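Coordinate inspection notes
Each chain, letter by letter, is given below.
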Amino acid sequence: MTKWIFESGHSDAAFAVRHMMVSHMRGLFKNVHGSMDFDPDNPAGAAAVEATINAAGIWTGDDERDAHLRGADFLNVETHPEIAFRSTEVRCAGEADFIVTGDLALRGVTRPVVLATHYLGRWQCPYWEGGKDLGPTTRIGFVATTAINRHHFGVSWNAPLDRGGVVVGDEVAITLDVEAIAESDMQRIAGILQGE
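Residues numbered from 1 in each chain as written. Predicted model: local features only at pLDDT ≥ 70, side-chain atom pairs only at ≥ 80, totals over all residues. Heavy atoms only, no water.

For the protein chain, the count of helices and strands is two helices and twelve strands. For the protein chain, the C-alpha atoms occupy an extent of roughly 60 × 40 × 30 Å along the three principal directions. Across the 196 residues that make up the protein chain, the buried fraction comes to 37%. Taking contacts inside the protein chain between residues at least 6 apart in sequence as the whole, the part at least 24 apart equals 57%. Counting only carbon and sulfur atoms, one obtains 53% of the accessible surface of the protein chain, whose full area is about 10800 Å². The average position of the 16 basic charges and that of the 27 acidic charges among the side chains of the protein chain differ by 4 Å. (Helix = DSSP H or I, 4+ residues; strand = E, 2+ residues; numbered from the N terminus. Buried < 20%, exposed > 50% of the residue type's maximum accessible area, 1.4 Å probe, protein only. Contact = heavy atoms within 4.5 Å. Areas by Shrake-Rupley, 256 points an atom, 1.4 Å probe, with all protein chains shown as cover. Lys, Arg positive; Asp, Glu negative; His and termini not counted. Charge placed at Lys NZ, Arg CZ, Asp CG, Glu CD.)

Once that is clear, we can look at the side chain of Ser 8. By the secondary structure assignment, Ser 8 is in the loop between strand 1 (3-6) and strand 2 (12-19). Excluding residues within four positions of it along the chain, Ser 8 makes contact with Asn 31, Val 32 and His 33.

This part takes up the packing of aromatic side chains. This model, assessed by the stated rule, comprises six aromatic pairs. Taking 5.1 Å as the distance between ring centres and 80° as the angle between the ring planes, the aromatic pair formed by Phe 38 and Phe 142 counts as edge-to-face. One end of the pair, Phe 38, is in the loop between strand 4 (33-37) and strand 5 (48-54); the other, Phe 142, is in strand 11 (residues 137-149), and 104 residues separate them in sequence. Here the two residues Phe 38 and Phe 142 agree in accessibility, since each one is buried. On the numbers, 5.5 Å between centres and 55° between planes, the contact of Phe 74 with Trp 157 is tilted. Taken together, the residues Phe 74 in the loop between helix 1 (63-70) and strand 6 (82-92) and Trp 157 in the loop between strand 11 and strand 12 (168-182) connect sequence positions 83 residues apart. Through successive ring pairs, a cluster of aromatic residues spans Phe 38, Phe 98, Tyr 119 and Phe 142. (Phe/Tyr/Trp six-rings, centres within 6.5 Å; stacked < 30°, edge-to-face > 60°.)

Sheet faces and side chains relate simply in a regular strand, where the side chains alternate between the two faces. In terms of strand pairing, strand 1 meets strand 12 through three bridges, oriented antiparallel. Each residue of the ladder has a partner; that of Trp 4, found in strand 12, is Ala 182. Bridging between strand 2 and strand 12 involves seven bridges; their strand directions are antiparallel. Among the inter-strand pairings, Phe 15 is bridged to a residue of strand 12, identified as Ile 174. Examined bridge by bridge, strand 11 and strand 12 share eleven bridges and lie antiparallel to one another. Bridge pairing links Arg 139 to Ile 181 in strand 12. (Pairing = 2+ DSSP bridges.)

This paragraph deals with the pattern of salt bridges. Tallied over the entire structure, the rule returns six salt bridges. Here Glu 7 ties to Arg 139 by a salt bridge, and the two come within 3.9 Å at their closest N and O atoms. Highlighted residues: Glu 7 in the loop between strand 1 and strand 2 and Arg 139 in strand 11, separated in sequence by 132 residues. Note on accessibility: Glu 7 and Arg 139 belong to one class, buried. A salt bridge links Asp 12 to Lys 30, with the shortest nitrogen-to-oxygen separation between them at 3.6 Å. In this pair, Asp 12 sits in strand 2 while Lys 30 sits in the loop between strand 3 (23-29) and strand 4, placing the two residues 18 residues apart along the sequence. Looking at Asp 12, the relative accessible area reads 14%, which means it is buried. (Salt bridge = Lys/Arg side-chain N within 4 Å of Asp/Glu carboxyl O.)

What follows covers a nonpolar patch on the surface. On the surface, Met 20, Met 21, Val 22 and Val 166 cluster together into a nonpolar patch covering about 350 Å² of accessible area. In this structure Met 21 comes out as partly exposed when scored by relative accessible area, which is 42%. (Patch = residues over 30% accessible without salt bridge, like charges linked within 9 Å, V, L, I, M, F, W, Y side chains within 5 Å.)

One ladder, built from five bridges, connects strand 5 with strand 6; its direction is antiparallel. Pairing of Thr 52 across the sheet is with Ala 84, part of strand 6. Two elements, strand 6 and strand 7 (residues 97-106), share eight bridges in a ladder whose sense is antiparallel. By the bridge assignment for strand 7, Ala 84 is matched with Ala 105. Hairpin geometry of strand 6 and strand 7 is characterised by an intervening segment of four residues between the two adjacent antiparallel strands and by a positive phi of about 160° at Gly 94.

Interpretation in functional terms is not warranted from these geometric data alone.
Right, dumping it as structure tokens:
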């Protein structure tokens, strides 16, 4: 079983939640870190994944809103600086599709979630560092989606609207885009960089 390391600069978690009853507010966490055990030559075999996100890295394009989301009303990043996921079961659901069940830890609450996951493939790619190509590296990609009820994780701030309804919806749609590099390639690159 090959171990793969998330290429954090090309892995992110996007989210969307209803706003003012009429639209969706979207945001992003970049630099998702993690690893997975996965055999591209036998996708139906055993697999596992774990990931961590720096909660303070939330970005929605509005500094004031981002500060509110980092605060105690929402993510409370001073007390809970990380969002974490660890798989407990991976089931094959098609040639390149998987159902990944695991525990999501958010704001001090851990609950099971299910990710509908699609394998995007494997490719030999360059690896640029300091203006030099240290590749080739073997990369794989996945996209995964889920939805959570934010109240289940203690994220319950809201405000009523004058004519009914609320500012923030309950359901948060989440999409994870992951690009990962074979651990053996990462170790080789680290050795090259240490030797310079």
